[in-house]
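Coordinate inspection notes
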Amino acid sequence: MIAIQLIDIKDFMHKLLCSQLFDHFLLKEALIRTYTDFSIDGRLNQDFFHSEDPQYEQVRDLDMAPFSLLRPACFQLIKGSHTPLGFQFIFMLSPENQRRTLENSGCGFSPEDVTGMFMNLKFQEQKLTCTTGISYRTFSMDKSLEHEWDRLITVFFKNNKIPFEVL
């Protein structure tokens, strides 16, 4: 697990809410604090979707909503003349991206070993931080996957010109 300070908050927020950069992540949950607290549970209600829905193919095998479905609502809650008091977004890799990451890492963990690979974004006191984490099904002393996940997040930020500082 690493903690990262994101330097250019305005540019980051534009990339988060006005571009597709984070759309491939699933949103586990979000809390947005403006004039009231808005809490979003990212768990999908599969009964809502029908095979004719444009999003059906995108969500039919998922438990959590892709950020692409929730990004417009999050943007509406955050935009305005006042800076939010704070927010927290908990993103996770989709099962497909998690499987691919595990295969490419060479660390020996299987998809059955890992419950989720997470990226937590938190804005409070005018500072934006990101922490990484992995949830395992069983205890392991092996931290190789965590180190690889940390590295991949920093590469993601670098490749997308998101300035940061590791804390």
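Residues numbered from 1 in each chain as written. Predicted model: local features only at pLDDT ≥ 70, side-chain atom pairs only at ≥ 80, totals over all residues. Heavy atoms only, no water.

Points about the pairing of strand β2 (residues 26-33)
Pairing of β2 with strand β4 (residues 65-66), which is carried by 2 bridges, proceeds in the antiparallel orientation. Bridging across to β4, L27 finds its partner in A65. As defined by bridge partners, β2 adjoins strand β5 (residues 86-92) across 7 bridges and the pair is classed as antiparallel. Bridge pairing in β5 places R33 opposite G86. (Pairing = 2+ DSSP bridges. Helix = DSSP H or I, 4+ residues; strand = E, 2+ residues; numbered from the N terminus.)

Brief notes about the layout of surface pockets
Its boundaries defined by the atoms lining it, the largest pocket holds a volume of some 270 Å³. Lining the largest pocket are 15 residues; nearest its centre among them are D63, M92, P95, Q98 and T115. Of all the secondary structure elements, the ones that give two or more residues to the lining of the largest pocket are β2, α4 (95-105) and β6 (114-124). Tallying contributions element by element places β6 first for the lining of the largest pocket, with 3 residues. Classifying every residue of the lining of the largest pocket gives 9 nonpolar, 2 polar and 4 charged. (1 Å grid on protein atoms, 1.4 Å probe; cavity = no way out; pocket = protein on both sides within 12 Å on 5 of 7 lines; lining within 4 Å. Points joined across faces, edges and corners; volume = space filled by probe spheres on them. Nonpolar A, V, L, I, M, F, W, Y, C, P; charged D, E, K, R; others polar.)

Some thoughts on α4
Among the residues of α4, those classed as buried are N97, Q98, T101, L102 and S105. Buried residues of α4 fall within an arc of 135 degrees about the axis and therefore sit on the same side. Set apart from the buried face of α4 by more than 90 degrees, the exposed residues are P95, E103 and N104. Packed against the buried residues of α4 are β6 and α5 (144-159). One or two positions beyond α4, positive phi appears at G106, with a value near 70 degrees. (Buried < 20%, exposed > 50% of the residue type's maximum accessible area, 1.4 Å probe, protein only. Arc of directions from axis to C-beta. Contact = heavy atoms within 4.5 Å.)

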